[in-house]
Amino acid sequence: MSDKIQSKWLRIIQRHCDLYYPSLYQVKLHYKLDIEIIIDKGMDTEKILKNYYLCPLCLLNYVVIEDNIIYGNEVFDLDHFPPKSVGGSKTILVCKKCNSEYGRKIDYSIKQYLNFQAFLKKKKTNFPSKLILEDGNYSTNLSLEDGKIVSSVDTKVLQRITKEWEKKHATNQNVKFQMRFFIPHEEYLQKAYLKAAYLFCFSTWGYE
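Calculation rules
For every chain, the first residue of its written sequence is number 1, and the numbers climb from 1 along that sequence. With pLDDT at 70 or above as the cut-off, local features in this predicted model cover only qualifying residues; side-chain atom pairs require 80 or more to be listed or tallied, and sums for whole chains, interfaces and linings still use all residues. Only hydrogens and water are set aside; all other atoms, that is, all heavy atoms of the structure, feed into the side-chain values. Only DSSP runs of H or I with at least four residues qualify as helices, and only runs of E with at least two residues qualify as strands; both kinds are numbered from the N terminus onward. What a helix should span is 1.5 Å times the count of its residues minus one. Burial here depends on accessible area, computed with a 1.4 Å probe over protein chains only, as a share of the maximum for the residue type. Under 20% is buried, over 50% is exposed, and the range in between is partly exposed. Contacts are assigned to residue pairs that have any heavy atoms within 4.5 Å of one another. Here, nonpolar core refers to any group of buried Ala, Val, Leu, Ile, Met, Phe, Trp, Tyr and Cys residues whose side-chain atoms link them within 4.5 Å. Throughout this description, the term salt bridge denotes a Lys or Arg side-chain nitrogen within 4 Å of a carboxyl oxygen of Asp or Glu. Here, strands pair whenever DSSP counts at least two bridges between them. Under this scheme, a helix contributes an axis fitted over its contacting stretch, all axes are lines through C-alpha atoms, and angles between N-to-C directions fall in the 0 to 180 degree range. In protein, a polar contact requires one atom able to donate a hydrogen and another able to accept it; more generally it is a pair of N or O atoms within 3.5 Å, and residues adjacent in sequence count only if both atoms are side-chain atoms. An angle below 35 degrees is read as roughly parallel, one above 145 as roughly antiparallel, one from 65 to 115 as roughly perpendicular, and any other as oblique. All residues other than Ala, Val, Leu, Ile, Met, Phe, Trp, Tyr, Cys, Pro, Asp, Glu, Lys and Arg, Gly among them, are scored as polar; the first ten of these are nonpolar and the last four charged.

**A short note on helix α3 (residues 96–120)**
Each full turn of the α-helix corresponds to 3.6 residues, which orients residues three or four apart in the same direction. Given a rise of 1.5 Å per residue, 25 residues ought to cover 36 Å, and the 35 Å separating the end C-alpha atoms of α3 matches this to within 8%. Residues Cys98, Asn99, Ile106, Asp107, Ser109, Ile110, Gln112, Phe116, Ala118 and Phe119 constitute the buried set of α3. Against β4 (76–81), β5 (90–95), β6 (126–133), β7 (136–145) and α5 (186–205) lie the buried residues of α3. Trailing α3 by a residue or two, Lys122 shows a phi angle of about 65°, which is positive.

Okay, here's the thing in C-alpha cells:
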C-alpha cells in the first residue's frame, strides 16, 4: 500500500473511530461486551477503544489504529447506502466481507427492481434476459412493442436459432428454448431497504 493510500485510510478510519467511540463505549459498558484487542495487552483499554472501530453490520470484525498503524482482523471498505447503483451518496465504513456479501446477495435487488418497474412503465426501452438454447445461454433484451413483450437477439444468435430450426425441422423435431429474466424476490428488497435504513440510523446514532 502506498503512503498516500495508507494516509487516506488512516484519516477515514480515525474519523469513524472519533465519531462512534462514545456510543461504542456506552454499549460496551451496558452489555459488558468483551471486545477483542489485538495489540499490546498492557495498554489502557479506554485508550484502545478510542481508536477502535467495529463493523456495524456483523459486530465481529474490527480495525484498530495505534501509532499510525492499522491493525485488524479484516480489511475494511466504504459502503454506500442506499447502494451506489441507485444513487446512494452517503458512505459508512464496514468490513469488506460484509460489503461483498450484502452487495452480492441483496443490494443489487433494488436496482433490478427499479429497472423492471421502469421497463413496465415504458420509461426504459429494454430489460436484460437470457435466451437458453440446447447449445448454451445467450444474453438478450426484452422490449415492449404494442403492449407485447418481445425478445431481441443479435444476428449471430438468430443464425444459431435458424440453423437449429432447420436441422430439427428436417427430422420433424421441435426446437426448444427458454427465456429467463430476473425479478428480485420481495424478501431481498425488504432486506436491502432495511440495511440502508439501518446504516442511516447507525451513521446518526452509532452503536447505541
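Here the narrative resumes, following the displayed structure.
**Regarding the nonpolar core**
By size, the foremost hydrophobic cluster in this structure holds 30 residues, and its most contacted members are Tyr52, Tyr53, Cys55, Phe76, Ile92, Leu93 and Tyr207. When residues of this core are traced back to their parent elements, those giving at least two are α1 (3–31), α2 (45–49), β1 (52–54), β2 (62–66), β4, β5 and α5. No other element matches α1, which puts nine residues into this core. In contact with Cys55, not counting residues within four places along its chain, are Asn61, Phe76, Val94, Cys95 and Cys98.

**Comments concerning the pattern of salt bridges**
Evaluated as defined, the whole model comprises three salt bridges. In this structure, Asp107 engages Lys195 in a salt bridge whose closest nitrogen and oxygen atoms are separated by 2.9 Å. Highlighted residues: Asp107 in helix α3 and Lys195 in helix α5, separated in sequence by 88 residues. Exposure remark for Asp107: the relative accessible area of 9% places this residue in the buried category. Look at Lys195 and you get buried, because its relative accessible area is 7%. For Glu187, the salt bridge is made with Lys191, and the minimal N-O distance between the two is 3.2 Å. Taken together, the residues span about one helical turn, with Glu187 and Lys191 both in helix α5 at a distance of four residues. Residues joined by salt bridges that share partners form a network here, namely Asp79, Asp107 and Lys195.

**Focus: the sheet that holds strand β3 (residues 69–72)**
Across the sheet, three strands lie side by side as β1-β2-β3; this open sheet has antiparallel pairing. Two strands bound the open sheet, and with one partner strand each, they are β1 and β3. On average, adjacent strands in this sheet sit at an angle of 20° to one another, irrespective of strand direction. Packed on one face of the sheet, α1 meets β1, β2 and β3 and runs near 80° to β1.

**Brief notes about the pairing of β3**
Looking down a regular strand, the side chains alternate between one sheet face and the other. Alignment of β2 against β3, held across four bridges, turns out to be antiparallel. Bridge pairing in β3 places Glu66 opposite Ile69. Between β2 and β3, which pair antiparallel in sequence order, lie two residues; one of them, Asp67, sits at a positive phi of approximately 55°.

**Examining the side chain of Asn61**
When you line up the elements, Asn61 lands in the loop between β1 and β2. A polar contact of 3.2 Å, which involves the side chain of Asn61, links it to the side chain of Asn73.

**So, the packing of α3 against α5**
Two elements in contact, α3 and α5, have axes whose closest approach is 8 Å; the angle formed by their N-to-C orientations is 100°. Here α5 runs roughly perpendicular to α3, going by the angle between their axes. Here Tyr102, Lys105, Ile106, Asp107, Ser109, Ile110 and Tyr113 of α3 come into contact with α5, specifically with Tyr188, Leu189, Lys191, Ala192, Tyr193 and Lys195. Considering only residue class, the contact of α3 with α5 consists of eight nonpolar, one polar and four charged.

**Examining the environment of Glu186**
With respect to the helices, strands and loops of the structure, Glu186 is situated in helix α5. Look at Glu186 and you get exposed, because its relative accessible area is 54%. Sequence separation of Glu186 and Tyr113 is 73 residues, and the distance between their C-alpha atoms is 9.4 Å.

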